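# Descriptive structure summary
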Amino acid sequence: MRDDPKILNSITRDELFDVLAREGYVPEKRKERSISTKMNSTRVLFIVSESQKNIQAYCYFRTDGTSLETVNEFNKNMRFAKAYLDDDKDPAVELDLDLDGGITEDRLIDFITTVRILVTKFREHI
């Protein structure tokens, strides 16, 4: 199954960029392995690992003091994301996708959709 061309065992930043664009987002290439795009008016950063076998979606919000209890409440109810207060005490949320073993493009699109939904829910929650 790993030799199936429909299975993604790795992904480059440019390949992820193309998928985001096909899904209707307006991606922007950032540093060597990252892309940013707006999802429901919120800027999200996608980072492809150096090995090209993992993707991380990251988003943070500047607020006037979101509490740790509020962030922990989100974590209790949303199992596919991890939220925390960053070094500046701003709330952040991350989602990860592992390509080790292979995934389909549909799974990648599902991950992108999950990112959009959970980033929006997190913004509403805080």
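Details of the structure are given in the entry above.
Residues numbered from 1 in each chain as written. Predicted model: local features only at pLDDT ≥ 70, side-chain atom pairs only at ≥ 80, totals over all residues. Heavy atoms only, no water.

## Thoughts on the pattern of salt bridges
One pass over the structure, following the stated rule, counts nine salt bridges. If you follow the salt bridges from partner to partner, you end up with R13, D14 and K29 in one network. (Salt bridge = Lys/Arg side-chain N within 4 Å of Asp/Glu carboxyl O.)

## Looking at the packing of helix 2 (residues 68–77) against helix 3 (residues 105–125)
It is the contact of helix 2 with helix 3, at a shortest axis distance of 10 Å, that shows an interaxial angle of 145°. Seen along the crossing, helix 2 lies across helix 3 with a hand that is right-handed. Across the interface between the two elements, T70, E73 and F74 from helix 2 touch L118, K121, F122 and H125 from helix 3. Classifying every residue of the contact of helix 2 with helix 3 by side-chain character gives three nonpolar, two polar and two charged. (Axes fitted to C-alpha atoms, helices over the stretch in contact; angles between N-to-C directions. Helix = DSSP H or I, 4+ residues; strand = E, 2+ residues; numbered from the N terminus. Left-handed = near helix turned anticlockwise from the far one by under 90°. Contact = heavy atoms within 4.5 Å. Nonpolar A, V, L, I, M, F, W, Y, C, P; charged D, E, K, R; others polar.)

## Some words on the packing of helix 1 (residues 13–22) against helix 3
Interhelical geometry of helix 1 versus helix 3 gives an angle of 70° and a closest axis separation of 11 Å. By the angle class used here, helix 1 and helix 3 are roughly perpendicular. Judged by the sense of rotation from one axis to the other, the crossing of helix 1 with helix 3 is right-handed. Across the interface between the two elements, L16, V19, L20 and R22 of helix 1 pack against E105, L108, I109 and I112 of helix 3. Within the contact of helix 1 with helix 3, the residues separate by chemical class into six nonpolar, no polar and two charged. (Parallel < 35°, antiparallel > 145°, perpendicular 65-115°, else oblique.)

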